[in-house]
Amino acid sequence: MFTPFNTFLETIAGDRQLSRWLTRLPADLEAFLKSAEGQEFRRYEKILERTRSLHADTLNLNQPYVSFGRGEDITPGQHQMLRALYREMMPWRKGPYEFFGEKAESEWRSFMKWDRLIKGITPLAGRKILDVGCGNGYHMWRMLGEGAERVVGIDPCALFTAQFELFKRAVPEDIQKKIHLLPLGIEQLPQLEAFDTVFSMGVLYHRRSAVDHLMQLQSQLVPGGELVLETMVIEGDEQTVLIPKDRYAKMPNIWYIPSISSLENLLNRCGYINVKLIDVCMTTTEEQRRTELMITESLEDFLDPQDHTRTIEGYQAPTRAVFTAQKKGR
Ligand SMILES: Nc1ncnc2c1ncn2[C@@H]1O[C@H](C[S@+](CC[C@H]([NH3+])C(=O)[O-])CC(=O)[O-])[C@@H](O)[C@H]1O
């Protein structure tokens, strides 16, 4: 029934920690496919059928444009087909990508976040990784490029899963076995204690309970494993947290924006050790902007037109911090 996810189910059957997931994963995937979001995914799958004959034997996962295949590998008709397909699968929020020479320019230049964090985290070579709220998987490909042994991403959005599948289905089978995006929310994960590094980037502020989110992430890590947490922060002391009255930067679903020191405190209270701040950076319109493949409002429209250090509601403009923290060893 759940064809696109079968390889993952087979892979985890032989893994002592991950096989625990089999108690609920098949049912969750089935429920997804039956849901409205799942119907949407099926619709995208029909679109993906058009790319069935594309096989990318050259990959470059270590540069800003994550790229698969070369332009000269496909016909002019296939180039045209890909350009049309990108449009049918809009909006492209994360990227950029290059697929057989066709560039997909996304709203976010996601490599800028990657460049800010990669030098501050434990090297990913040989590690098993979970990326929570992975979007269309841009950073997952970069993780694989760093030599990760296996990368699992979860994101409940059907479109993002389909965008990921566009590329995944074209790569060689040995690579397909190492990288998996499942259309699930973090709340659907049992305590797996299976991952050496867990990423949560751009997710904490969407969660209604920050404490539960941090504890849930911890329960995915092996003892001694590393959390990489990226989230919005505001200026202030250990007691400062912004809970927007209503919208924040026009977003209705922002619940919790702590100061750096209050988030450090929270990570410690949740039992993490070696909490380190590795980057703080105000988001610019160079990093987040409208493109041909994301034509609705972007950062520029969310800021006060007279003062780009404020959101349109008058709050501090989006500023993002990256932390690493470790789960205690046994
Ligand atoms: N319950 C949930 N569980 C898991 N994911 C969720 C949930 N709810 C929403 N999401 C997903 O979390 C992602 C947040 S974006 C960060 C992408 C990437 N990490 C990035 O850092 O560029 C936010 C941003 O870019 O500000 C979206 O793809 C949602 O579908």
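Parameters at a glance
Residues numbered from 1 in each chain as written. Predicted model: local features only at pLDDT ≥ 70, side-chain atom pairs only at ≥ 80, totals over all residues. Heavy atoms only, no water. Disulfide = S-S within 2.5 Å. Near = heavy atom within 4 Å. Polar contact = N/O pair within 3.5 Å; in protein donor to acceptor, adjacent residues only side chain to side chain. Areas by Shrake-Rupley, 256 points an atom, 1.4 Å probe, with all protein chains shown as cover. Nonpolar A, V, L, I, M, F, W, Y, C, P; charged D, E, K, R; others polar. Salt bridge = Lys/Arg side-chain N within 4 Å of Asp/Glu carboxyl O. Helix = DSSP H or I, 4+ residues; strand = E, 2+ residues; numbered from the N terminus. Buried < 20%, exposed > 50% of the residue type's maximum accessible area, 1.4 Å probe, protein only. Phe/Tyr/Trp six-rings, centres within 6.5 Å; stacked < 30°, edge-to-face > 60°.

K.L.:
Break down the state of the cysteines for me, citing the residues and quoting the values.
P.N.:
The term disulfide refers to a covalent linkage connecting the sulfur atoms of a pair of cysteines. The full count for this structure, using the stated rule, is zero disulfides. Lacking any disulfide linkage, Cys 134 is separated from the closest cysteine sulfur, that of Cys 157, by 9.9 Å.

K.L.:
Residue-level account of the site of the ligand, with values.
P.N.:
If you check the shell around the ligand, you find 17 residues, and the closest are Lys 94, Lys 113, Gly 133, Asp 155 and Tyr 205. With respect to the ligand, the side chain of Lys 94 contributes an N or O atom lying 2.4 Å from an oxygen atom. In the model, a nitrogen atom of the ligand is placed 3.0 Å from a nitrogen or oxygen of the Glu 187 side chain. Surface burial for the ligand is 84%, taken as the share of its 640 Å² of free accessible area covered by protein chains. Class assignment for the residues of the shell around the ligand results in six nonpolar, five polar and six charged.

K.L.:
Please give an account of the pattern of salt bridges that cites residues and values.
P.N.:
All chains considered together, the criterion is met by 24 salt bridges. Between Asp 15 and Lys 128 there is a salt bridge; the shortest N-O distance is 3.9 Å. Of this pair, Asp 15 sits in the loop between helix H1 (6–13) and helix H2 (25–34) while Lys 128 sits in strand E5 (residues 128–132), and the two are 113 residues apart along the sequence. Between Lys 113 and Glu 230 there is a salt bridge, with its nearest N and O atoms 3.1 Å apart. Taken as a pair, Lys 113 in helix H5 (residues 110–117) and Glu 230 in strand E9 (residues 221–232) lie far apart in primary sequence, 117 residues in all. On the basis of relative accessibility, which here comes to 7%, the residue Lys 113 falls in the buried class. The exposure class assigned to Glu 230 is buried, which follows from its relative accessible area of 1%. One network of salt bridges, in which partners are shared, links Arg 42, Glu 45, Glu 165 and Arg 169.

K.L.:
Explain the packing of aromatic side chains residue by residue, including any values.
P.N.:
Counted by the stated rule, this structure contains 16 aromatic pairs. Where Phe 68 meets Phe 99, the ring centres are 6.3 Å apart and the plane angle is 75 degrees; that geometry is what we call edge-to-face. Taken together, the residues Phe 68 in strand E2 (residues 66–68) and Phe 99 in strand E3 (residues 97–99) connect sequence positions 31 residues apart. By relative accessible area, which is 0% here, Phe 99 ends up buried. Between Phe 99 and Phe 167 the ring centres are 5.2 Å apart and the planes differ by 80 degrees, which places this aromatic pair in the edge-to-face class. On the criterion of sequence distance, the pair formed by Phe 99 in strand E3 and Phe 167 in helix H7 (residues 158–168) is long-range, its members being 68 residues apart. Across this residue pair, the class does not change: Phe 99 and Phe 167 are buried.

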